[in-house]
Every structure is written in structure tokens, then in C-alpha cells.
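Below, each chain spelled out in residue letters.
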Amino acid sequence: MTRTPTRILTLLACAVLLLAGCSDGGDGADDGRITLRFQSLAWQDESVKANKELVREWNATHPDVRVEYVQGSWDSVHDQLLTSFEGGEAPDIIHDASDDLADFAYGGYLADLAELLPARLKSDIPHHSWETVTFDDGVYGVPFLQEPRVLFANATLLEKSGVRIPTPEHPWSWAEFRQVTKELSGDGTYGVAWPLKEPVSATLNLSLSTGGKLFHRGTDGRVTIRFEEGDQVVPRTVHDQVDTDRSASPTTLGSGGSDTLPGFFAGKYAMVPLGFSYRQQIEQQAPEGFDWQVLPAPAGADGLAQGVSPQTLSVAEDSPHKKEAAAFVDFLLQPDNMVRLALGDWMLPTGKQALKDPALHTAERGWATGTALAAHLRSAPAQSVRGYAEWKDKVATPALQEYYSGAIGMDELRHRLEEDGNLVLARYQR
């Protein structure tokens, strides 16, 4: 084969690199130093800064194990990870969410961390948080950040109305919440705006407070769907606010959370139920003089219980340096570091020691309200249900959207969630 001048130059350049002992950034075999790739999904400036600072601090004190920061994206993480797993190019340390781990764990792509994590970290994170990352008795991630759903309220409108202001110690019941939204409605204002473009997780997670379970696992391990009385309280409340009371905006049912903020700032909606981290957007985008506050979500028969899918750190099964990767995870999640990550993401840490930090107990920006809810957070109902993604997309999302808009009634909703849903799950049962 004839070698072109370009090819000759390329070969010479490669030879120079090899003679210089340069590494491709893989496992550091040339100089004996290990290089780990850490893919982070941090996206807010404060969060990215905190993650990169911690990587630099690790590298400064661990010369034999260098960590390389890789920026990922929440928008495409599942497909991107699946491609990297199948191609043998997965990062060593993986930032994700617990509700995305089941298929990766069952597929053998993630390392079982049960024997790799130190006792300190295992005991610091509560058992109910570990349940979100445990599949078939294996632990496939470390849950480290979490957020409850809360009510963001226009404080001025609440004060004018004279309604009782709820606290974590004395929250509204779901019935009282419905009554309050009626009292707050009128003069161009809706008492609440429900952004339910993605209605399933919001409905299921909030339904834990009313005793909703939906997914029932038998002694044989098989899961069946039963849409019982406790599961119906939250969707019925939303439906009645929209269709009967006219206290909830019908136009926001197909909206995302951020889409409701301009109307919230303009006084069109007195309250908006959103994830706790939306405080950052509200703080940055609210007009000068806008007075807002954070309220706990309503409580039911099971109090303030609420389902969550924490953010997680996992280790790839194909990583040749699992022990070193687990050591870096332990470093990231030291109590002080966990607080830094939580503050950067405007979320709550899972660690018991980190949750005691005074910065998380200030009334400013609603930190104290959110922290008071941490003890009530539980594993999201669908966390370990195989086939949940298909059920959510093909059955639950369209059924709930039609119910909330008034196109179908409660009986039809129950039929579709149970009958159609169990047909989907049956294909995934072992």
C-alpha cells in the first residue's frame, strides 16, 4: 500500500507520543496512575462548580488515582448510557436517578456496591433511601440527593385571603387544600396550577400520603396493579379542582413546571406544586418585590409520606477499578461535601449527618420547610417494577391526562390502569 505524506506524518506523530509515554486517558497504565471517568449530570452553574471543585480536591490529594470530569445531560442520559454500556465505553462513575437504574442493574451493566462501600456511608444514608437502589438484594447506586414536591405560594395572595398557613407540623389535609384553592380563586386568579405534562410520577408519589400503593408484589415476586381508594384521592382532588370547583387552571395540565412560572409571578396562580429545586428558578426569575414562600404538600392518612427517586452515583460493572471508583464516591459523599452538592443543586442530601447542617435549616428560601420533609420521603412506588416505563408511556400517561381533562371518569381510569396495565407488566414478570 502506498503511504501518503499525511499518513507518514500521522504515524510519526503517534510514535512521538508513544516515546513520550503519553496516555490516552484510559487506565493510566503507562505511568502507573489510574484514571477514572466521572460523568456528572450537574447542570446549574452552582452545581457544576461544586462538582468540579470536588474533583480538583480529590486529584490534589490522590496522585495515583486521577478523576476526569465528564459532562452529561439529563435529557439524553438513558440512551447515552445504554449505548456506552453496549459499546464498552461507559464512564467508571455514573450520575443518574434511581428510577433509571432498574434495567441497567438487571442487565448487568452496574456493579453491585454492597461490598465496596464503607460502613460509614452505609449507616449514614437511611434504609428507605437504600431501598431505591436495591434490586434482587444487590445495591447498584448510592442515593445522595433528593427533593420533595412542595407548594410554591404567592405569599401576598395568601396573606390577603386569611387562610391558615400550613407547616410541616400542621399541614393541610387534601380536603382542606381543595377548600383553600377555592378561597384563593377569583378576580382572574386560580387557587392552583397543576403542571402535569408528565402526570404519572407526581400522581403516584403524592399518593403515598393517602395510602396509595398501586403496585402490589405477591409472595411469588409478581407485581399486579390495583387502583384502590388510597390511590384515588390525589387524582380526584386535581380533577375536581379543575372540573368542578374551577379553582385549578385547565390550561396548565399539559405544561411543564417551568411553563407555569410566568403566570405564577403575574398572580394568575396563587400556588404551584413543584419539586423543591424549583426554588432556584423562582429566585432567579421572580420580578423584584415578588413575595413567595414554600409550603408542605397536603397530608393524608399516611401523613406527609411522599415518593421520591433520588439522584444516584453508580459504578460501571466493566470498570477495571471498582474499588477506586467506590472510594471516590465515598469522598464525594462525605457529610460536608454532600452539603455542598445539595446547596449547589438546591436539593436535600440523603445523609443524616449532612441534613443536620445549619445551612439547611434556615427559613430563607424555604430550606427549613424542605429539610423537615426529608424524614417523610420514601421510595417511589414504581422504583423496582419492571415494565414500568412502558406502562407509564403507553397506559398511565394518556389515561391520567384524559381523566384530568375530564374526557374519562374514575371508573374508566381504574379499568385502564389495572386491566391494560397488568397486561403490560405480565410481559416483564419472571
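Up top is the structure.
These numbers were taken from a predicted model, which means no experiment stands behind them.

Novice: Hey, could you run me through the side chain of Ser209 in this one?
Specialist: Looking at where Ser209 falls in the secondary structure, it is placed in the loop between helix H9 (199-206) and strand S8 (215-217). When neighbours within four sequence positions are excluded, Ser209 is seen to be in contact with Trp174, Pro298, Gly300, Ala301, Asp302, Gly303 and Ala305.

Novice: Any chance you could explain the sheet that holds strand S6 (residues 142-146) here in plain terms?
Specialist: The strands making up a sheet are joined through hydrogen bonds of the backbone, oriented either antiparallel or parallel. Pairing within the open sheet is mixed, and its 6 strands lie in the order S2-S1-S3-S13-S6-S14. Edge strands, defined here as strands with exactly one partner in the open sheet, are strand S2 (65-71) and strand S14 (348-349). Examined bridge by bridge, strand S1 (residues 34-40) and S2 share 7 bridges and lie parallel to one another. Bridge pairing in S2 places Thr35 opposite Arg66. Relative to the sheet, helix H14 (residues 335-345) contacts S6, strand S13 (311-315) and S14, its axis offset from that of S6 by approximately 45°.

Novice: How should empty space enclosed by the protein be read in this particular structure?
Specialist: Unfilled space is identified by rolling a water-sized probe across the atoms. This structure, assessed with the given rule, holds 4 cavities of 30 Å³ or more. In this structure, the largest cavity encloses a volume near 80 Å³. Together, 13 residues line the largest cavity, and Thr203, Leu204, Leu214, Phe227 and Asp231 are the ones closest to its centre. Elements supplying a minimum of two residues to the lining of the largest cavity: H9 and helix H17 (388-404). Among the elements that line the lining of the largest cavity, the one with the most residues is H17, at 3 residues. Of the residues belonging to the lining of the largest cavity, the class tally is 8 nonpolar, 3 polar and 2 charged.

Novice: Where do I start with the sheet that holds strand S7 (residues 149-154) in this structure?
Specialist: Strand order in the open sheet formed by 3 strands is S10-S7-S11, with antiparallel pairing between adjacent strands. The two strands at the open ends of the sheet, each matched to only one other strand, are strand S10 (271-275) and strand S11 (292-296). Strand-to-strand, the axes of this sheet are offset by a mean angle of 35°, without reference to chain direction.

Novice: Looking at this structure, how should I read the packing of aromatic side chains?
Specialist: Any pair of aromatic rings gets described here by the distance separating the centres and the angle formed by the planes. What the rule picks out here adds up to 22 aromatic pairs. Look at Phe135 and Tyr140: their rings are 6.4 Å apart centre to centre, the planes differ by 40°, and that puts the pair in the tilted class. For Phe135, a relative accessible area of 2% puts it in the buried group. Ring centres of Phe264 and Phe290 lie 5.2 Å apart, and the angle between their planes is 80°; this geometry places the pair in the edge-to-face category.

Novice: It is not clear to me how the nonpolar core should be interpreted in this structure. Could you clarify?
Specialist: Side chains that are nonpolar tend, in soluble globular proteins, to be buried together. Membership of the largest hydrophobic core comes to 52 residues, with the highest contact counts inside it found for Phe38, Ile93, Val142, Leu313, Phe328 and Leu333. It is helix H13 (residues 322-332) that contributes the most residues to this core, 6 residues altogether. Once you skip the residues sitting within four places of it in the chain, Phe38 turns out to touch Asn51, Val55, Val67, Glu68, Tyr69, Val70, Ile93, His95, Leu313, Phe328 and Leu332. Ranked by size, the runner-up nonpolar core spans 46 residues in total, among them Leu184, Phe227, Leu253 and Leu417.

Novice: Teacher, can you tell me more about the environment of Ser319 here?
Specialist: If you trace the backbone, Ser319 turns up in the loop between S13 and H13. Residues Ser319 and Pro91, 228 residues apart in the sequence, show an inter-C-alpha distance of 7.8 Å. A distance of 3.2 Å separates the side chain of Ser319 from the backbone nitrogen of His321, its partner in a polar contact.

Novice: Explain unusual backbone geometry here, please?
Specialist: The phi angle at Leu214 is positive, at roughly 65°, despite the residue not being glycine. Structurally, Leu214 can be placed in the loop between H9 and S8. A positive phi angle, near 60°, is found at Arg365, a position not held by glycine. For Arg365, the location among the structural elements is in the loop between helix H15 (352-355) and helix H16 (367-373).

Novice: Sorry, what's going on with the environment of Trp292 here?
Specialist: Mapped onto the elements of the fold, Trp292 is located in strand S11. Separated by 138 residues in the primary sequence, Trp292 and Asn154 place their C-alpha atoms 4.8 Å from one another. The residues contacting Trp292, other than those within four sequence positions of it, are Phe152, Ala153, Ala155, Phe264, Arg279, Ile282, Glu283 and Arg365.

Novice: Looking at this structure, how should I read H9?
Specialist: Spacing of three or four residues puts side chains on the same side of an α-helix, whose turn is 3.6 residues. Most of H9 sits out of view: 7 of its 8 residues are buried. If you check which residues of H9 are buried, you get Pro199, Val200, Ala202, Thr203, Leu204, Asn205 and Leu206. Elements in contact with the buried residues of H9: S7, helix H8 (174-184), S8, helix H10 (229-243), strand S12 (306-308) and H17.

Novice: Could you clarify how one ought to interpret the layout of surface pockets in this entry?
Specialist: Quantified by volume, the second largest pocket comes out at close to 360 Å³. Within the residue set of the lining of the second largest pocket, elements represented by two or more residues are S8 and strand S15 (377-379). Per element, the largest residue contribution to the lining of the second largest pocket is 3 residues, and it comes from S8. Here the residues of the lining of the second largest pocket sort into 6 nonpolar, 5 polar and 4 charged.

Novice: What's the story with the pattern of salt bridges in this structure? I'm lost.
Specialist: Between side chains of opposite charge, a pair can form when the charged atoms approach closely. In this structure the tally under the stated criterion is 13 salt bridges. Between Arg120 and Asp330 there is a salt bridge, with its nearest N and O atoms 2.7 Å apart. Residue Arg120 is found in helix H5 (residues 119-124), and its partner Asp330 is found in helix H13; the two are separated by 210 residues along the sequence. Of the residues examined, Asp330 reaches a relative accessible area of 17% and is grouped as buried. Through salt bridges with shared partners, a single network forms among Glu53, Glu57 and Arg340.

Parameters and conventions
Residues numbered from 1 in each chain as written. Predicted model: local features only at pLDDT ≥ 70, side-chain atom pairs only at ≥ 80, totals over all residues. Heavy atoms only, no water. Helix = DSSP H or I, 4+ residues; strand = E, 2+ residues; numbered from the N terminus. Contact = heavy atoms within 4.5 Å. Pairing = 2+ DSSP bridges. Axes fitted to C-alpha atoms, helices over the stretch in contact; angles between N-to-C directions. 1 Å grid on protein atoms, 1.4 Å probe; cavity = no way out; pocket = protein on both sides within 12 Å on 5 of 7 lines; lining within 4 Å. Points joined across faces, edges and corners; volume = space filled by probe spheres on them. Nonpolar A, V, L, I, M, F, W, Y, C, P; charged D, E, K, R; others polar. Phe/Tyr/Trp six-rings, centres within 6.5 Å; stacked < 30°, edge-to-face > 60°. Buried < 20%, exposed > 50% of the residue type's maximum accessible area, 1.4 Å probe, protein only. Core = buried A, V, L, I, M, F, W, Y, C linked by side-chain atoms within 4.5 Å. Polar contact = N/O pair within 3.5 Å; in protein donor to acceptor, adjacent residues only side chain to side chain. Salt bridge = Lys/Arg side-chain N within 4 Å of Asp/Glu carboxyl O.

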